[in-house]
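Close look at the chain arrangement
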Protein chains: 4
Amino acid sequence: MGRTRTYQWEDPAILAEAAGRMAGIDFLRELKEGRLPAPPINYSIDFTLDEVEPGRAVFSLTSGEEHYNPIGSVHGGIFATLLDSAAGCAVQSTLPQGMAYTSLDLTVKFLRRITVDTGTVRAIGTVISQGRQTALAQAQLVDGRDRLLAHATSSCMLFPVPPARK
Amino acid sequence: MGRTRTYQWEDPAILAEAAGRMAGIDFLRELKEGRLPAPPINYSIDFTLDEVEPGRAVFSLTSGEEHYNPIGSVHGGIFATLLDSAAGCAVQSTLPQGMAYTSLDLTVKFLRRITVDTGTVRAIGTVISQGRQTALAQAQLVDGRDRLLAHATSSCMLFPVPPARK
Amino acid sequence: MGRTRTYQWEDPAILAEAAGRMAGIDFLRELKEGRLPAPPINYSIDFTLDEVEPGRAVFSLTSGEEHYNPIGSVHGGIFATLLDSAAGCAVQSTLPQGMAYTSLDLTVKFLRRITVDTGTVRAIGTVISQGRQTALAQAQLVDGRDRLLAHATSSCMLFPVPPARK
Amino acid sequence: MGRTRTYQWEDPAILAEAAGRMAGIDFLRELKEGRLPAPPINYSIDFTLDEVEPGRAVFSLTSGEEHYNPIGSVHGGIFATLLDSAAGCAVQSTLPQGMAYTSLDLTVKFLRRITVDTGTVRAIGTVISQGRQTALAQAQLVDGRDRLLAHATSSCMLFPVPPARK
């Protein structure tokens, strides 16, 4: 058959709870090391968090036929997902415990067509500017030869999380 | 188990070939009616083309836990995928046989958080402006009460497809 | 000589003070009626506020040679200025006394080249979505035949103004 | 009076003609050195081209009260003008004789409020990616201490110029 895929995921409530009681960088390191379960989206679309340090996060994906759009290439929404994750987690990696973020926007520029022949792609997110209420990040999607395939910017809003109820 | 999902898809080469020999609106109508197989991305992310007419395309999705990000809501990349499809297919619906398009960019504004409680969402794409070489479309993501959840614009490049080789 | 222009403007501090003590719609109506002085930018670039109602603002400009870029058409920054004003004032028109806004971003799509032959253009700003902390507006630049020349979206942050110090 | 300003400019047709018969970098160097007249927009808004090399262009401006919006700071359209110039000229600097460009879009993120106290600001444009038909550039607006005030990306379309008619 070939054209079938099965995936499993874990309860995302575990993650959302952990995100609220840890600094961003610690939360992301736990995710990367597998000490917290990856979020469901990572299983759905099959991408992984490969690197994280303060102000920077890198995700990778190997495109498959299951990501194809009707016109014979990988759907732009797949890269948008990776780029949004990379930009958002770069911002999250800078937040102390008690602060959270939400993405206000994502602007993606599609520079090259991506197919199953493209191989593994990496989305490298970095923080460009950080204020008290908002942060701006960019993310670059590159192939194995570091050619730029897509580029994104994302603005995030920063806010204090309400303390956990006892 | 519950937290497992299996999906199948069909060979996307069939679609890419059909796209090249039909007017955009005819191709999209065949897709909508199921006379052409849906592209793999529709199975991966589980969304459907519900409506198409010249200059307008509507997709819908019922968010599931498998779309969740690490911070307890549906990942923005899922809406980006729907919005990109809606904007792109709105443009495609206006193209005569022999013309194709590619998305140059996608700008998404995330207006409301989406969870499994949001229910079915619809992405309504419409063409704003069409030139000879480029077209601009917008897409609006709404819930069952027509509240705006996200908004996108996308510029597409238009180009003649090379004739099929014999 | 011909290629010379002189303009005057009034103290912008008068305006900023008035903006703080009036509802947005009242402030903009005073501006439109000339009971408050137009801001300096309107004199520099020579555009006017023509219409304002809650959630909508319209500015117009007649392009002149003094707006030209090096490649023989009106500089995109001129339209960006009009579109930013129209989007921002559409948002401002919805704010009660005590609330202010600042633009977080502006995304402009340039659809048609503009020259001195284009005549008077209008930027029509409307609010698309309004939350407690942010609002999204769009603006459309049209010519005298209502052809779309450029399109913009802008996200604004909303915040309470500090009360005036005695 | 103080609040008055007079400026002059030169026939922009000279420039548009020169742009058509020179490589981008040569054209921009002539502009920078003053061997070609600056375009009218530079006189209207009072900014200058300070640096140009292949793939990079830098403009500067000293904000004045004449650039103020109604809410007590420099109008975002002024920075948009600088950022659009920096991004566009970075692209132009890479084009051989016979090729021209037009900006398809401009996405500006406003990061800090700018007033007359901000002093001289610089918009640094660089090319991020260049294809045959499109190029992507970014521009950063910084103050005298290199703090980021605004950030922009711009996609440009590249096309051959028609040969001059005899």
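Residues numbered from 1 in each chain as written. Chains lettered and ligands numbered in written order. Predicted model: local features only at pLDDT ≥ 70, side-chain atom pairs only at ≥ 80, totals over all residues. Heavy atoms only, no water.

Describing the relation of the copies chain B and chain A
This is how it is decided: We place the copies in one frame by least squares, fitting the C-alpha atoms of every residue whose pLDDT is at least 70 in both. Contacts are assigned to residue pairs that have any heavy atoms within 4.5 Å of one another.
Relative to chain A, chain B is turned by 180° and slid 0.0 Å along the rotation axis, the superposed coordinates differing by an RMSD of 0.0 Å. The superposition of one copy onto the other is thereby described by a two-fold rotation axis. Interface overlap between copies: 100% of the residues of chain B at the interface are likewise at the interface in chain A, consistent with a symmetric, same-surface contact.

Quick word on the interface of chain B and chain C
Where the parts come together, the accessible area they lose is often given as the size of the interface. Which entries qualify depends on this criterion: Once two parts are put together, the accessible area they lose, assessed with a 1.4 Å probe and summed over both, is termed the buried area. For salt bridges, the criterion is a side-chain nitrogen of Lys or Arg within 4 Å of an Asp or Glu carboxyl oxygen. For the purposes of these results, a polar contact is taken to be a pair of N or O atoms within 3.5 Å, where, inside protein, one atom must be able to donate a hydrogen and its partner to accept one; residues adjacent in sequence count only when each atom of the pair is a side-chain atom. Runs of H or I in DSSP of at least four residues are treated as helices and runs of E of at least two as strands, each being numbered from the N terminus.
Across the contact, 14 residues belong to chain B and 14 residues belong to chain C. Of the roughly 1,000 Å² buried between chain B and chain C, counting both surfaces, carbon and sulfur atoms make up 60%. Contact with chain C buries surface across chain B, with Lys109, Ile128 and Leu136 of chain B losing the most and accounting together for 40% of the total. In this structure, the connection of chain B to chain C is made through 2 salt bridges. With a shortest N-O distance of 2.7 Å, lysine 109 of chain B and aspartate 105 of chain C are connected by a salt bridge. Here chain B and chain C share 4 residue pairs in polar contact (both at pLDDT 80 or more) between them. Going through the elements one at a time, strand E5 (105–110), strand E6 (120–130), strand E7 (134–142) and strand E8 (148–160) of chain B are the ones with two or more residues in the side of chain B that touches chain C. When residues in the side of chain B that touches chain C are grouped by element, the largest group, 5 residues, is from E8 of chain B.

A short note on the relation of the copies chain B and chain C
Under the fitted operation, chain B is carried onto chain C by 0.0 Å of movement along the axis and a turn of 180°, and the coordinates agree to an RMSD of 0.0 Å. Taken as a fraction of all interface residues of chain B, those also at the interface in chain C reach 100%, which identifies the copy contact as same-surface.

Side note on the packing of aromatic side chains
Residue and element names in this part refer to chain B. Where we set the bar: When two rings of Phe, Tyr or Trp (its six-membered ring) have centres within 6.5 Å they constitute a pair, described as stacked for plane angles under 30 degrees, edge-to-face for angles over 60, and tilted for the intermediate range. When a residue's accessible area, from a 1.4 Å probe over protein chains only, is under 20% of the maximum for its type it is buried; when over 50% it is exposed; and in between it is partly exposed.
With the rule as written, the count across this model stands at 14 aromatic pairs over all chains. Aromatic pair phenylalanine 79 and phenylalanine 110: ring centres 6.1 Å apart, planes at 65°, arrangement edge-to-face. Taken together, the residues phenylalanine 79 in helix H4 (residues 76–92) and phenylalanine 110 in strand E5 connect sequence positions 31 residues apart. For the pair phenylalanine 79 and phenylalanine 110, a shared accessibility class is recorded, and that class is buried.

What about the state of the cysteines?
The following threshold applies: The rule for a disulfide is simple: a pair of cysteine sulfur atoms within 2.5 Å.
Enumeration over the complete set of coordinates arrives at 0 disulfides over all chains. Not engaged in a disulfide, the cysteine cysteine 89 of chain B finds its nearest cysteine sulfur in cysteine 156 of chain B; these two sulfurs lie 9.5 Å apart.

Re the interface of chain B and chain A
What counts is decided by this rule: Gly falls in the polar group here, along with every residue not listed as nonpolar (Ala, Val, Leu, Ile, Met, Phe, Trp, Tyr, Cys, Pro) or charged (Asp, Glu, Lys, Arg).
Across the boundary between the two partners, chain B contributes 48 residues, which contact 48 residues of chain A. Contact with chain A buries surface across chain B, with Arg3, Trp9 and Pro70 of chain B losing the most and accounting together for 17% of the total. Aspartate 11 of chain A serves as the salt-bridge partner of arginine 3 of chain B, at 3.5 Å between the closest nitrogen and oxygen. At the surface where chain B touches chain A, the tally comes to 23 residue pairs in polar contact (both at pLDDT 80 or more). For the side of chain B that touches chain A, the secondary structure elements donating two or more residues are strand E1 (4–8), helix H1 (12–20), helix H2 (24–33), helix H3 (40–45), H4, strand E4 (99–103) and E5 of chain B. When residues in the side of chain B that touches chain A are grouped by element, the largest group, 8 residues, is from H4 of chain B. Considered class by class, the residues forming the side of chain B that touches chain A number 23 nonpolar, 16 polar and 9 charged.

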